[in-house]
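A closer look at the structure
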Amino acid sequence: MLKGQPISPGIAIGKAFILDEDYIETPKERIPVHKIQDQIDKFKQAIHDTTHDLQTIIDQVGMRVSAHKREIFDAHMMILEDSQIIDQTISEIKNKQINADYAYFNIMRNYQRALSASSDSYLKERATDIRDLKRRVIRRIQGIHREQTGNLKDTIVISHELNLFDIYALTNNKVAGIVMQGGGRTTHTTIIIRALELPAIIGVPRILQKIKTDDMLVANGLTGEIILNPEQKTLKKCIKKRNNFKKYEQQYLRVAGVPSVTLDKNKFVVSANIELSDEVDSVIAHGELGIGLFRTEYIFMSEDKLPTEEEQYEKYMTVVKKIYPLPVTIRTFDLGGDKIAPFVETESEKNPFLGWRAIRMCLDMPDIFKKQLRAILRASVLGNVKLMLPLITSIEEIYATKLLIEEVKTELKSQNIDFDPHIPTGIMIEVPSAVMLADRLAKEVDFFSIGTNDLVQYVLAVDRGNARVANLYNFFHPAVLRMIKSTLKAAKKQNIPVSMCGEMAGEPLAVPLLFGLGISEFSVSPVMLLKIKQILRSIKFFEAEKISRHCMRLHTTDEIERYLRGVMDKMFPRMDEDNFFKRSYK
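One structure accompanies this document, and this report is about it. (Residues numbered from 1 in each chain as written. Predicted model: local features only at pLDDT ≥ 70, side-chain atom pairs only at ≥ 80, totals over all residues. Heavy atoms only, no water.)

Our focus in this paragraph is the overall build of the chain. Regarding its fold elements, the chain presents 24 helices and 16 strands. Here the contacts in the chain between residues at least 6 apart in sequence split such that 70% fall between residues at least 24 apart. A total accessible area of about 27,200 Å² is found for the chain, and carbon and sulfur atoms account for 50% of it. (Helix = DSSP H or I, 4+ residues; strand = E, 2+ residues; numbered from the N terminus. Contact = heavy atoms within 4.5 Å. Areas by Shrake-Rupley, 256 points an atom, 1.4 Å probe, with all protein chains shown as cover.)

In structure tokens, the structure reads:
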């Protein structure tokens, strides 16, 4: 069995198709003066043809993804049509009398190297976009057309790394799934694969050496596991699991409009994590569910300029109005780390996750921060908005933020601008210092939200983006569970609610444990909303408490995971999803 990182849920079964790494050769050639214009014309035609290819993708695939995801294609188009790159290439061809493909290769390579050298993972992954476009244009110049030969329907495509053009071709061929040796969780290719709901796994070591075309594969986009040439008995089980998964997806829709209560009538809340306003329609389609985390940093990252107060207000208000009267928790921008905004001048940091980010950046840029606070407060006028602060490490940060909030409220009052004067203000609990101070922090705020993505990496000293230690990143570690329990205890003493908005909240295996510990609001990605709701509707609180007590007595991560898997197998048999649903409808 092979293992990688699951990036898009689903179970793919089919024969492997190896899509080889696409190497291109661009030898330098001296071009006679009378043929220079031919090279320039060939280059311009290549840009035109590649632009046409990309527009075709936008027209056909773009309709199947959200407006935010379509911006990815727009970014590619901007690179293609960049006048500076085009002018530089033409100048190189003219002045150095060299061939168009060599000139374009060198210019694009310089941009690619600059991004690859960045210490920021987001910028490094943008170098992939440059590389993909570079190859596409050069193939056009050279008259080479990369075609996926044969019938790829129902195959699992294996490649080192794919680009948007590949994804378009593969989607049209109705492939069953995708497995990559490389790739990244935040690359544009990954985002589009996920939006298209194609089962996919990335980061599988040496898979191109271990698998050949026509090998039979099972690729589990839920676990990252890949079974090579399974025995007939195993294959039958996997086919049943895949079919049940598809049936499961349809049956989840049955809980969209039913009450959020457990079997013993305990209430819970399942809300959504969103990045941009266009995702709200998907949330609404899942029933009466609020927004537990509105990540505003993506508004700041999507433009080359700082968004104005009015632009921010319009985006926040769109979400607030659509979801009303349900609550919307708006988190102030959590920039830094792996999220860089073009307008923010930052120096390269050796440890960006321990550096200038989130609330630290907000407080260091009060003018920008106050504009966001004004926009959020203005959007709170309907009374269903909560304000949340990221990466709080001390009480001083809360005091400083409260002063700014009061300043903004005073300004709005003086301008006769309406807002909710009693807007609840909460904080993210995502660093050990916040957990240790939780009893004091709870006296200063209206609610907590546990962000497990950062909390786990800070508690365990594990970089979640580092493949060499990725296996150590595990939110079932006893230390992490103790941190969660300690936070809940402190919040309960001050009678403030606690939600969870990290990846752990959307992990089915963790849900009964978390509910038993005292988490009653789970904020998860839209794709997990109904799954988590169904699990909670299918359990009793006393069962969850029993599960959590047992987990807290166990000593190792493996023991906890094995116990939870055993519990879930009994409560929700994987091969009999019908029982899963019957249980909560008795």
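Put simply, side chains in a regular strand alternate between the two faces of the sheet. Counting buried positions along strand S3 (residues 11-19) yields 8 of 9 residues, so the element is predominantly enclosed. The sheet contact formed by S3 and strand S7 (residues 216-220) spans 5 bridges and is antiparallel. Across the sheet, isoleucine 11 pairs through a bridge with asparagine 220, a residue of S7. Two elements, S3 and strand S4 (residues 156-159), share 4 bridges in a ladder whose sense is parallel. Residue pairing for S4: isoleucine 18 is matched across the bridge by isoleucine 158. (Buried < 20%, exposed > 50% of the residue type's maximum accessible area, 1.4 Å probe, protein only. Pairing = 2+ DSSP bridges.)

For helix H1 (residues 36-60), spanning 25 residues, the distance from its first C-alpha to its last is 37 Å, which sits close to the expected 36 Å at 1.5 Å a residue. Burial in H1 covers these residues: Ile36, Gln39, Ile40, Phe43, Ala46, Ile47, Thr50, Thr51, Asp53, Leu54, Ile57 and Ile58. (Expected span 1.5 Å × (residues − 1).)

The next thing to look at is a positive patch on the surface. Together, Arg440, Lys443, Arg482, Lys485, Lys489 and Lys493 make up a region of like positive charge exposed at the surface. Ranked by residue count, the leading element in the positive patch is helix H19 (residues 478-493), at 4 residues. Arginine 482 gets classed as exposed once you look at its relative accessible area, which sits at 60%. (Patch = residues over 30% accessible without salt bridge, like charges linked within 9 Å, V, L, I, M, F, W, Y side chains within 5 Å. Salt bridge = Lys/Arg side-chain N within 4 Å of Asp/Glu carboxyl O. Lys, Arg positive; Asp, Glu negative; His and termini not counted. Charge placed at Lys NZ, Arg CZ, Asp CG, Glu CD.)

Moving on to the sheet that holds S4. As a general point, the strands of a sheet are linked pairwise by backbone hydrogen bonds and lie either parallel or antiparallel. Across the sheet, 8 strands lie side by side as S1-S8-S7-S3-S4-S5-S6-S2; this open sheet has mixed pairing. The open sheet has two free edges, formed respectively by strand S1 (2-3) and strand S2 (5-8), since each of these has just one partner strand. For S7 and strand S8 (residues 225-228), the ladder comprises 3 bridges, and the chain directions are antiparallel. Across the sheet, leucine 217 pairs through a bridge with leucine 228, a residue of S8. Most of the contacts of helix H9 (residues 232-252) go to S3, to which it runs at about 110°, and overall it touches S3, S7 and S8. (Axes fitted to C-alpha atoms, helices over the stretch in contact; angles between N-to-C directions.)

Close contact between H9 and helix H21 (residues 529-537) brings their axes to 9 Å; oriented N to C, the two are set at 80°. Here H9 is positioned roughly perpendicular relative to H21, judged by the angle of their axes. Each of Phe245, Glu249 and Tyr252 in H9 lies in contact with H21, whose residues at this interface are Leu530, Lys531 and Gln534. Partitioning the contact of H9 with H21 into residue classes produces 3 nonpolar, 1 polar and 2 charged. (Parallel < 35°, antiparallel > 145°, perpendicular 65-115°, else oblique. Nonpolar A, V, L, I, M, F, W, Y, C, P; charged D, E, K, R; others polar.)

Our focus in this paragraph is the sheet that holds strand S9 (residues 269-274). One closed barrel holds the 8 strands; their spatial order is S9-S10-S11-S12-S13-S14-S15-S16, and the pairing between them is parallel. Each neighbouring strand pair of the sheet contributes to a mean axis angle of 25°, computed without reference to strand direction. In this fold H19 packs onto strand S13 (425-429), strand S14 (447-450) and strand S15 (498-500), with an angle of close to 170° to the strand it touches most, S14.

The next thing to look at is the side chain of serine 380. Residue placement: serine 380 occurs in the loop between helix H14 (366-379) and strand S12 (385-389). In this view, serine 380 contacts Val385, Phe419, Asp420 and Ile423; residues no more than four positions away in its chain are not counted.

A word on the packing of helix H22 (residues 541-553) against helix H23 (residues 557-571). Put simply, H22 and H23 touch, their axes get as near as 10 Å, and they point 160° apart. It follows that H22 is roughly antiparallel to H23 by the angle criterion. Handedness of the crossing formed by H22 with H23: right-handed. Within the contact between the two elements, H22 uses Glu543, Lys546, Ile547, His550 and Cys551 and H23 uses Ile560, Tyr563, Leu564, Val567 and Met571. Counted by class, the contact of H22 with H23 contains 7 nonpolar, 1 polar and 2 charged residues. (Left-handed = near helix turned anticlockwise from the far one by under 90°.)

Right, let's get into the packing of aromatic side chains. Aromatic ring pairs are reported here in terms of the distance separating the ring centres and the angle at which the planes meet. One pass over the full model with this rule turns up 6 aromatic pairs. Ring plane angle 50° and centroid distance 4.8 Å describe the contact between phenylalanine 300 and phenylalanine 333, whose orientation is recorded as tilted. Residue phenylalanine 300 is located in helix H11 (residues 297-301), and its partner phenylalanine 333 is located in the loop between strand S11 (328-331) and helix H13 (358-364); the two are separated by 33 residues in the primary sequence. Comparing phenylalanine 300 with phenylalanine 333, the two get one shared label, buried. (Phe/Tyr/Trp six-rings, centres within 6.5 Å; stacked < 30°, edge-to-face > 60°.)

Within the largest apolar cluster, 104 residues are counted, with the highest numbers of intra-cluster contacts made by Phe448 and Phe522. With sequence-adjacent residues up to four places away left out, phenylalanine 522 is seen in contact with Val269, Val270, Ser271, Met500, Ala505, Val511, Leu514, Phe515, Ile532 and Leu536. Counting residues in hydrophobic clusters, the runner-up holds 45 residues, among them Ile57, Met77, Met108 and Val157. (Core = buried A, V, L, I, M, F, W, Y, C linked by side-chain atoms within 4.5 Å.)

Let us look at the pattern of salt bridges. It is possible for side chains bearing opposite charge to pair when their charged atoms get close. Under the criterion given, the structure shown has 18 salt bridges. Note that aspartate 154 is salt-bridged to lysine 153, the shortest N-O span being 3.3 Å. What makes aspartate 154 partly exposed here is its relative accessible area of 43%. Note that glutamate 407 and lysine 370 form a salt bridge whose closest N and O atoms lie 3.1 Å from each other. With glutamate 407 in helix H15 (residues 395-414) and lysine 370 in helix H14, the pair connects residues that are 37 residues apart, well separated along the chain. One salt-bridge network, held together by shared partners, links Glu309, Glu310, Lys370, Arg374, Arg378, Glu407 and Glu411.

Across the 5 residues that make up S12, a large majority, 4, are buried. Bridging between S11 and S12 involves 4 bridges; their strand directions are parallel. Across the sheet, residue valine 328 finds its bridge partner in S12, namely valine 385. By the bridge criterion, 3 bridges tie S12 to S13 in an arrangement that is parallel.

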